[in-house]
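Now for the letters of each chain:
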Amino acid sequence: MCNPKNYSDTPATSKSTVEELHRPIPSLFRALTEGDDPINMMVVSFPVAEELSHDENLVSFLETLEDQHQNMSIPGNSIHARYDTQDNMCMVVYFDDCVSIRQCKLYCESMGGSKYRWFHNACCQCIGPECLDYGSKAVKCMNCLF
């Protein structure tokens, strides 16, 4: 009756689960990601504008909110003024090894992350406080690429 779903159509690396963490500690996340990459993880940073360019719906939504509240906004407090420069960087951390979604959430909470993205190939990405969306959609876990 129904055609069975072909799960090989989309690789696990193109699917992910995201969640916001309730008690982020931005200062802890920044301290853990400064300097050389910690052992068993890779720190990646990229412009916030690049993060937003991947999700046109989020950009449109933020611009709509800004337009609706422009009478209440503070001068210089626009989305474009704050996030369309190279100075605002989104920082994420990838763990080298594969982890469960539960471990991913716990690791990201313990390092003060704001959000996490768990790819369905078991790659975990912790997302820093400056990121507006859910970090990068690229899988970069060294020992967990497929």
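About the criteria used
- Sequence order as written defines the numbering, with residues in each chain counted from 1.
- Given that the model is predicted, a residue must reach a pLDDT of at least 70 before its local features are reported, and side-chain atom pairs must reach 80 or more before they are shown or counted; all residues, however, enter totals for whole chains, interfaces and linings.
- Side-chain measures here rest on the full set of heavy atoms in the structure, leaving out hydrogens and waters.
- Each reported salt bridge corresponds to a side-chain nitrogen of Lys or Arg within 4 Å of a carboxyl oxygen of Asp or Glu.
- To qualify as a helix, a DSSP run of H or I must reach at least 4 residues; to qualify as a strand, a run of E must reach at least 2; elements of each kind are numbered from the N terminus.
- Only protein chains enter the accessibility calculation, which uses a 1.4 Å probe; a residue is then buried when its area is under 20% of its type maximum, exposed when over 50%, and partly exposed in between.
- The predictor attaches a confidence to each residue, and that confidence, scored 0 to 100, is pLDDT.
- Contacts: residue pairs with any heavy atoms within 4.5 Å of one another.
- To form a nonpolar core, buried Ala, Val, Leu, Ile, Met, Phe, Trp, Tyr and Cys residues must be joined to one another through side-chain atoms within 4.5 Å.
- At least two DSSP bridges between two strands are required for those strands to pair.
- Axes here refer to lines fitted to C-alpha atoms; in helices the fit is confined to the stretch in contact. Angles between the N-to-C directions go from 0 to 180 degrees.

Trainee: Teacher, can you tell me more about the pattern of salt bridges here?
Mentor: Two side chains bearing opposite charge may form a pair once their charged atoms approach each other closely. One pass over the full model with this rule turns up two salt bridges. One salt bridge connects glutamate 130 with arginine 30, and the closest N-O pair in it is separated by 2.6 Å. Here the residue glutamate 130 occupies a position in the segment after strand E5 (124–127), and arginine 30 occupies one in helix H1 (residues 26–33), the gap between them amounting to 100 residues. The exposure class assigned to glutamate 130 is partly exposed, which follows from its relative accessible area of 29%. Taking relative accessible area as the criterion, arginine 30 reaches 36% and is therefore assigned partly exposed.

Trainee: Help me understand the confidence of the model for the protein chain in this model?
Mentor: Counting all residues, the mean pLDDT for the protein chain is 77, and 65% of those residues have values of 70 or more. Counting contacts from residues 55–66, a segment whose pLDDT is below 50, to residues more than four positions away or on other chains yields 14 contacts. Scored below 50 in pLDDT, residues 71–86 makes 16 contacts in the model with residues more than four places away or belonging to other chains.

Trainee: I'm lost on the nonpolar core in this one. Help?
Mentor: A general trend in soluble globular proteins is that nonpolar side chains are found buried together. In terms of nonpolar packing, the biggest core is built from 28 residues, with Val92, Cys108 and Cys126 touching the most fellow members. Among the elements of the structure, strand E2 (41–47), strand E3 (89–95), helix H5 (101–110), strand E4 (115–119) and E5 are those that each provide at least two residues to this core. Considering each element in turn, this core owes the most residues, five residues, to E3. With sequence-adjacent residues up to four places away left out, cysteine 126 is seen in contact with Phe29, Met91, Val92, Val93, Phe95, Tyr107, Cys108, Met111 and Lys115.

Trainee: What is the right way to read the pairing of E5 from this model?
Mentor: In summary, the side chains of a regular strand alternate between the two faces of the sheet. With burial as the criterion, each face of E5 is covered, one bearing Cys124 and Cys126 and the other bearing Gln125 and Ile127. Here E3 pairs with E5 via three bridges, running antiparallel. Along E5, the bridge assignment pairs valine 92 with isoleucine 127. Strand direction decides the pairing type here: E4 and E5, joined by four bridges, are antiparallel. Of the residues in E5, the one forming a bridge with tyrosine 116 is cysteine 126. Where E4 folds back on E5, the antiparallel hairpin that results is connected by four residues, among which alanine 122 adopts a positive phi of roughly 80°.

Trainee: What is the right way to look at the environment of serine 14 in this model?
Mentor: Inspection of the secondary structure puts serine 14 in the segment before strand E1 (16–20). The exposed category is assigned to serine 14, whose relative accessible area is 52%. In this structure, the C-alpha to C-alpha distance between serine 14 and asparagine 121, residues 107 residues apart in sequence, is 8.9 Å.

Trainee: Sorry if this is basic, but what is going on with the sheet that holds E3 here?
Mentor: The pairing of strands in a sheet happens through backbone hydrogen bonds and is either parallel or antiparallel. As summarised here, the arrangement of the five strands in space is E1-E4-E5-E3-E2, forming an open sheet in which the pairing is antiparallel. Every interior strand has two partners, whereas the edge strands, E1 and E2, have only one. The mean angle between the axes of side-by-side strands here comes to 20°, regardless of whether they run parallel or antiparallel. Each of E2, E3 and E5 touches H1; the most contacted strand, E3, lies at about 70° to it. Here H5 sits on the sheet in contact with E1, E3, E4 and E5, set at roughly 155° to E4.

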